[in-house]
Amino acid sequence: MIDAVHDERFPFVTRFFFQLVDSFTISSGKVRVALITNSERPRVLFSFGQYNSPKKIKKILRLLQPVGEVRHTGETLMLALKQLFSASKGKKTVILLTTGTSSDKVLKPVQRLVAKGVDIFCIGVGAGVVRSEILTMAKDPQHAYITDFSGLASIVKRIAKKACGGNQPYNF
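Report follows, based on the coordinates. Source: prediction; values computed, not measured. (Residues numbered from 1 in each chain as written. Predicted model: local features only at pLDDT ≥ 70, side-chain atom pairs only at ≥ 80, totals over all residues. Heavy atoms only, no water.)

Of all eight residues in strand 5 (residues 91-98), eight are buried; the element is thus mostly enclosed. Neither face of strand 5 is open: one carries Lys91, Thr93, Ile95 and Leu97, the other Lys92, Val94, Leu96 and Thr98, and all of them are buried. Across seven bridges, the pairing between strand 5 and strand 6 (residues 118-125) is parallel. Within strand 6, the residue paired with Lys92 across the bridge is Val118. A crossover links strand 5 with its parallel partner strand 6, the connecting element being helix 4 (residues 107-115), and its sense is right-handed. (Buried < 20%, exposed > 50% of the residue type's maximum accessible area, 1.4 Å probe, protein only. Helix = DSSP H or I, 4+ residues; strand = E, 2+ residues; numbered from the N terminus. Pairing = 2+ DSSP bridges. Right-handed = clockwise from strand over helix to strand, strands pointing away.)

Right, dumping it as structure tokens:
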């Protein structure tokens, strides 16, 4: 899930996802990727298996433009639950990067995702994030990261290693 709120630091956010894509073996039999924008009107940009090459995924990331100034992270998480994780098989992982607080409640959507077996990694970047919200969304404190924009690159390998536990196919 990419924070698509208008901000001059948006290129740092997309660069993080470029590095994340490069950290996984993306294919129909290994890692399948979906992308949702976390904004006032969250939307699924593409679903699991729709794009099975890093090149195609990066093309979508390059075209992504920030929109608005409000985050409905709870609604974004529910969208993931309903449209992405309802029938997916394999390991299920959400990687959510945000640069601010949500305008709606996140606890119930997080609880529903966790009940479906979804691991949630949450990265809060910059002064606009609230530690307690990041910890609530991650559920597992080992999956919560708070950093500044210059620290994003150092998190990529740690997330990739934790998210890849096991050899089964997985969705993130």
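The next point concerns the pattern of salt bridges. In this structure the tally under the stated criterion is two salt bridges. Across the salt bridge formed by Lys58 and Asp22, the nearest N and O atoms sit 2.6 Å from each other. You can see Lys58 sitting in helix 2 (residues 54-63) and its partner Asp22 sitting in helix 1 (residues 10-22), a full 36 residues away along the chain. Across the salt bridge formed by Lys91 and Asp119, the nearest N and O atoms sit 4.0 Å from each other. Here Lys91 is found in strand 5, whereas its partner Asp119 is found in strand 6, with 28 residues between them in sequence. The exposure class assigned to Lys91 is buried, which follows from its relative accessible area of 14%. Residue classification places Asp119 among the partly exposed positions, given a relative accessible area of 28%. (Salt bridge = Lys/Arg side-chain N within 4 Å of Asp/Glu carboxyl O.)

Attention shifts here to the nonpolar core. Core analysis: the biggest nonpolar cluster contains 31 residues, and Phe16, Phe17, Leu20, Leu61, Leu97, Ile123 and Ile159 have the highest contact counts within it. For this core, the elements supplying multiple residues, two or more each, are helix 1, strand 4 (43-46), helix 2, strand 5, strand 6 and helix 6 (152-163). Here Ile123 is in contact with Phe16, Ile95, Leu96, Leu97, Thr98, Tyr145, Thr147, Leu152, Ile155 and Ile159, once residues within four sequence places are set aside. Formed by 24 residues, the second largest nonpolar core is a distinct cluster that contains Leu79, Val94, Val110 and Met137. (Core = buried A, V, L, I, M, F, W, Y, C linked by side-chain atoms within 4.5 Å. Contact = heavy atoms within 4.5 Å.)

Where helix 3 (residues 73-83) meets helix 4, the axes come as close as 8 Å, and the angle between the chain directions of the two elements is 25°. With respect to helix 4, the element helix 3 is oriented roughly parallel. Crossing angle aside, the handedness with which helix 3 passes helix 4 is left-handed. From helix 3, Gly74, Leu77, Met78 and Leu81 reach across to helix 4, where they touch Pro109, Val110, Arg112 and Leu113. Each residue belonging to the contact of helix 3 with helix 4 can be placed in one class, and the counts come to six nonpolar, one polar and one charged. (Axes fitted to C-alpha atoms, helices over the stretch in contact; angles between N-to-C directions. Parallel < 35°, antiparallel > 145°, perpendicular 65-115°, else oblique. Left-handed = near helix turned anticlockwise from the far one by under 90°. Nonpolar A, V, L, I, M, F, W, Y, C, P; charged D, E, K, R; others polar.)

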